[in-house]
Each structure stands twice: as structure tokens, then as C-alpha cells.
Amino acid sequence: NFTLTISGNGNVWTDFQFDHSIHGTGGTLSVTGVTLFTGTIDGYAIESSETVVQLASMTIEGYSGRTGEVQGGAMNISKADYSNHDYAVNLVTVIGNCRGFRFEASDHVVVKDSTAINNTDNSVFFAPLAYDPYTACYHGVVDGCTLTASGNTGVQIISGSNMTVKNTVIDTTGGAGV
């Protein structure tokens, strides 16, 4: 297990990627106060498995956001347990990515006071791992978010239970709002 904390004062990091297949699994990754931007990467800015990822006061922009790119997005977190944490995402903006906030087989995820704009797929996505309904997300919350111009859905929940969407504005989607 590891703990990695990235804290910036509004710095822009270009072409940043955290990938569990390279950086390992388990532990905690905390990122605050930076902008992660790419104009070239067709992948995720942050992709983790069994790592609690907490993002706050930051922006992720441009990951798989160009025509024909479908391999990634802002983040994809799988098999993480947030039951001892206040949030997974707080005051985060994702702009122009393929996917916004994606969680698979994770528990007690809270996406709070965040914004998703012009993402070509789902802005918030809760799903089972490899679409196996026995590995779904449980006890997830989307609270106080604004989700605008989602190419597919504003919030997509596949399987799982005790999922809550509240105080959230969903505007202009290619598919369902929730």
C-alpha cells in the first residue's frame, strides 16, 4: 500500500496519467489544486484499481475528448472502498473528456459539488466490474453537482443498490438524465 499526495497551487500539468498497471494498486492517491490537461492522450488521466482516489478543487480536461477517441476520460476507479472517507470527488470540474467520473465495483463513493461539461459519454458512471452484477457499486451519492452537455447520460447507474442523486442539475444529455 502507498500514499501519494499531489498538491498544486493552480498549476497545469500537461499529459499527466496515473495508471494502476504502472503505479500499483492499493493505498491512497490524493490530488488537489491542479489542472490536468491533454490535447493528445486517448486514455484516462487517472485509472486505478483497489486504490482510494480523492480529488478536490481541481480540473481534468481533454482526456479522450477528440472525435473518434473512446479509450478513456477523466477518471476510472475500480474496487475502491470509501467507507472511511468523506468523498471521492469534491469541487472538481471535468471538461471535454470522453468519460467524466467513472466508478466500477466501488463502495460509499461520494461525488460532491462538482461539474461536468461537454463530456462525450457519461458524466458520472457507476457500474459493476466487467458488467458482472455481483460486483456493482453500493451506497454511492452524487450531491450538488452540475452536469451539462453529456454525450450519453448525466448519471448512469448499472446495477448496485442504495444509490442517491440529489441537489444535482442535469442539462442537455444525448440519452437519459439519470
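Reading guide: rules and limits
- Per-chain numbering applies: the sequence of each chain, read as written, is numbered from 1 onward.
- This being a predicted model, a pLDDT of at least 70 is required before a residue's local features are given, and a value of 80 or more before pairs of side-chain atoms are given or counted; all residues contribute to the totals for chains, interfaces and linings.
- Think of the side-chain values as coming from all heavy atoms in the structure, minus any hydrogens and water.
- Per the convention used, a helix needs a DSSP run of H or I reaching at least four residues, while a strand needs a run of E reaching at least two, with both numbered from the N terminus.
- Note on method: radius of gyration uses C-alpha positions; expected globular size equals 2.2 Å times residues raised to 0.38.
- Relative accessibility thresholds used throughout: buried, under 20% of the residue-type maximum; exposed, over 50%; partly exposed, between the two (1.4 Å probe, protein chains only).
- In these tables, accessible area is a Shrake-Rupley quantity obtained with a 1.4 Å probe, and a residue counts as shielded only by the protein chains included in the view.
- Only four residue types enter the charge count: Lys and Arg as positive, Asp and Glu as negative, with His and the chain ends excluded.
- Charged groups are reduced to one reference atom each: NZ for lysine, CZ for arginine, CG for aspartic acid, CD for glutamic acid.
- For two strands to be treated as a pair, DSSP must find at least two bridges joining them.
- Think of a polar contact as two N or O atoms within 3.5 Å of one another; within protein, one of them needs to be a possible hydrogen donor and the other a possible acceptor, and neighboring residues in sequence only count if both atoms come from side chains.
- The contact rule is simple, with two residues in contact once any of their heavy atoms fall within 4.5 Å.

Observations concerning the overall build of the chain
Along its length, the chain carries one helix and 16 strands. Its C-alpha atoms give the chain a radius of gyration of 14 Å, near enough to 16 Å, the size a compact globule of 178 residues would have. The principal-axis extents of the C-alpha atoms in the chain amount to approximately 35 × 35 × 30 Å. When each of the 178 residues of the chain is scored for burial, the buried share is 48%. On the chain, roughly 7600 Å² of surface is accessible, and the fraction owed to carbon and sulfur atoms is 47%. Counting 6 positive and 16 negative side-chain charges, the chain places the centres of these two groups 3 Å from one another.

Here's the deal with the sheet that holds strand β14 (residues 155-157)
Strand pairing in a sheet relies on backbone hydrogen bonds. The paired strands run either parallel or antiparallel. Taken together, the six strands give an open sheet; going across it, the order is β2-β4-β6-β8-β11-β14, and neighbouring strands pair in parallel fashion. Unpaired on one side and paired on the other, β2 (18-19) and β14 mark the two borders of the sheet. In this structure, strand β11 (residues 124-127) lies alongside β14, joined through three bridges in parallel fashion. Note on β14: the bridge partner recorded for Phe125 is Gln156.

Here we look at the side chain of Glu69
Considering the arrangement of structural elements, one finds Glu69 in the loop between β5 (52-61) and β6 (73-78). Among the polar contacts listed, one links the side chain of Glu69 to the backbone nitrogen of Gly65, at a separation of 3.5 Å. If near-sequence neighbours (up to four positions away) are discounted, Glu69 is found in contact with Thr40, Ile41, Asp42, Ser64 and Cys98.

Focus: the side chain of Gln54
Along the chain, Gln54 turns up in strand β5. Note on Gln54: relative accessible area 14%, which makes it buried. Looking at Gln54, its side chain comes within polar contact range of the main-chain oxygen of Tyr87, at 2.9 Å. Contacts of Gln54, omitting those with residues within four sequence positions, involve Leu29, Ser30, Val31, Tyr82, His85, Asp86, Tyr87 and Ala88.

So, to be careful, I would describe these as geometric facts and stop short of saying anything about function.
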